[in-house]
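Given next are the chains, with one letter for each unit.
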Amino acid sequence: APLLEEKQFVIINKLQSETVYTDRRGLQFMLGQIVSNAIKYSSDSPMLTISMIHSEIADVLSVEDNGIGVKKYDLPYIFQKGFTGDSTDSRKKATGIGLYLVKKMADDLNLRLEAASPWEKGFKIVIFFTSIFFISYMLFSFEKKFTSNRAYRISVLISYIVYSTIRIRVMFFICRFFFVHGKYH
């Protein structure tokens, strides 16, 4: 936050009291890298907008700045290790590692990332947090079609626990592990 204040960023926070279920430190690392890039490539009147949209399939966190952006032909490569894009003066400080690490962390947390950037009009990165309700629905559908009655009953019980308590992604991975590795067939 001190760097945001020093650069006189206007921060538009459209978040309410939001909850997503993921690794806290991993998400903090990702957001820190994204904000660091916003600071590094800021405009003369820097602005940062943070918002979230909810749907049945995913909760979508959007972080958008009004900095210099990324050229269209560079956009597909921004998550590649060592990619720094155009070597203009403003890119001197680039190492090509920040967004690569953001993508790697997102992959480790099973999150999807998308980026958009009209050149010299800002940069927007979007993080998709798959809804546990959607995962449970898919799990129900899969087990009902492809597993034995006993496995289906167990998946129903596990999904009921997920619905009845806190929405935690770990439950999905536990369920997937047992069914993929044949523990309940």
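Novice: Explain unusual backbone geometry to me, and be specific about the residues and the numbers.
Specialist: The phi angle at Q8 is positive, at roughly 60°, despite the residue not being glycine. Residue position: Q8 is located in the loop between helix 1 (2–6) and strand 1 (10–13).

Novice: A description of the layout of surface pockets should follow, citing residues and the corresponding values.
Specialist: The computed volume of the second largest pocket comes to approximately 270 Å³. Lining the second largest pocket we find 14 residues, and of these L15, L27, L31, I50 and L61 sit closest to its centre. When contributions to the lining of the second largest pocket are tallied by element, the ones reaching two or more residues are helix 2 (24–40), strand 2 (47–54) and strand 3 (58–65). For the lining of the second largest pocket, the residue count by class is 10 nonpolar, 3 polar and 1 charged.

Novice: Any chance you could break down the nonpolar core for me, citing the residues and the numbers?
Specialist: For soluble globular proteins, nonpolar side chains are generally found buried alongside one another. Ranked by internal contacts, the top residues of the largest apolar core, which has 24 residues, are M30, L99, L111, L113, I125 and I127. Contributions of two or more residues to this core are made by helix 2, strand 2, strand 3, helix 3 (98–108) and strand 5 (123–130). In this structure, I125 is in contact with I34, L61, S62, V63, F79, L99, L113, E114 and A115, ignoring residues within four places of it in sequence.

Novice: Hey, could you go over the pairing of strand 3 for me, with residue numbers and the actual values?
Specialist: Of all the 8 residues making up strand 3, 7 are buried; the element is thus mostly covered by neighbouring parts of the structure. Note that strand 2 and strand 3 share 7 bridges and pair antiparallel. In the sheet register, I50 faces strand 3, and the bridge partner there is V63. Where strand 2 folds back onto strand 3 in an antiparallel hairpin, the turn is made up of 3 residues. Where strand 3 and strand 5 come together, 8 bridges link them in antiparallel fashion.

Novice: Now, about the environment of A38: what can you tell me, with residues and values included?
Specialist: For A38, the location among the structural elements is in helix 2. Linking A38 and G69, residues 31 residues apart in sequence, is a C-alpha distance of 9.1 Å.

Novice: Could you give an account of the environment of L31, with specific residues and numbers?
Specialist: You can see L31 is positioned in helix 2. With 94 residues separating them in the primary sequence, L31 and I125 have C-alpha atoms 10.0 Å apart. Contact partners of L31, with chain neighbours within four places excluded, come to L61, V63 and I127.

Novice: Any chance you could break down the sheet that holds strand 5 for me, citing the residues and the numbers?
Specialist: The mixed open sheet is built from 5 strands, whose spatial order is 1-2-3-5-4. For this open sheet the edge positions go to strand 1 and strand 4 (112–116), each flanked by a neighbour on one side alone. This sheet shows a mean twist of 15° between the axes of neighbouring strands, independent of strand direction. Of the strand pairs in this sheet, strand 1 and strand 2 are connected by 4 bridges, and their pairing is parallel. Its bridge partner lying in strand 2, I12 is registered against T49. Helix 2 rests against strand 2, strand 3, strand 4 and strand 5 of the sheet, and its axis sits at about 170° to strand 5.

Novice: Now, about helix 3: what can you tell me, with residues and values included?
Specialist: Three or more residues of helix 3 are buried, namely G98, L99, V102 and A106. Summarising the axial view, the buried residues of helix 3 lie within an arc of 90°, below the 170-degree limit, and thus occupy one face. Tucked inside the fold, the buried residues of helix 3 contact helix 2, strand 4 and strand 5. Looking at the residues trailing helix 3, positive phi occurs at N110, about 60°.

Novice: Please provide a residue-by-residue account of the packing of aromatic side chains, values included.
Specialist: According to the stated counting rule, one finds 1 aromatic pair in the structure shown. For the ring pair Y77 and F83, a centre distance of 5.7 Å and an interplane angle of 45° mean the geometry is tilted. With a relative accessible area of 38%, Y77 lands in the partly exposed category. For F83, a relative accessible area of 25% gives the class partly exposed. In this arrangement the basic side chain of R112 is found over the ring face of F128, its NZ or CZ atom lying 3.8 Å from the centre.

What counts, and where the lines are drawn
Residue positions are counted from 1 within each chain, in the order its sequence is given. Confidence filtering applies because this is a predicted model: local features only for residues at pLDDT of at least 70, side-chain atom pairs given and counted only at 80 or more, and all residues used for totals across whole chains, interfaces and linings. Calculated side-chain values reflect all of the structure's heavy atoms, with hydrogen atoms and water omitted. Numbering goes from the N terminus for both helices and strands, where a helix is a DSSP run of H or I of at least four residues and a strand is a run of E of at least two. Whether a set of points on the 1 Å grid over the protein atoms alone is a cavity depends on a 1.4 Å probe fitting there but being unable to get out, while an open set qualifies as a pocket with protein on both sides within 12 Å along at least five of seven lines; lining residues are those with an atom within 4 Å of a point. Grid points are joined across faces, edges and corners, and a volume is the space filled by probe spheres set on the points. Each residue gets one of three labels, nonpolar for Ala, Val, Leu, Ile, Met, Phe, Trp, Tyr, Cys and Pro, charged for Asp, Glu, Lys and Arg, and polar for the others, Gly among them. The nonpolar core is taken to be a set of buried Ala, Val, Leu, Ile, Met, Phe, Trp, Tyr and Cys residues, with the residues joined through side-chain atoms within 4.5 Å. Note on exposure labels: buried denotes an accessible area under 20% of the residue type's maximum, exposed denotes more than 50%, and partly exposed covers the range between, all computed with a 1.4 Å probe on protein chains only. Any two residues whose heavy atoms approach within 4.5 Å are treated as being in contact. By this definition, two strands are paired if DSSP reports at least two bridges between them. Inter-axis angles, ranging from 0 to 180 degrees, are taken between N-to-C directions of lines fitted to C-alpha atoms, where helices are fitted over the stretch in contact. Within this analysis, the arc is defined by the directions that extend from the helix axis to the C-beta atoms. Centres within 6.5 Å make a pair out of two Phe, Tyr or Trp rings, where for Trp the six-membered ring is used; the pair is then stacked when the planes are under 30 degrees apart, edge-to-face when over 60, and tilted otherwise. A ring is scored as having a charge over it whenever the NZ atom of a lysine or the CZ atom of an arginine sits within 6 Å of its centre and within 35 degrees of its normal.

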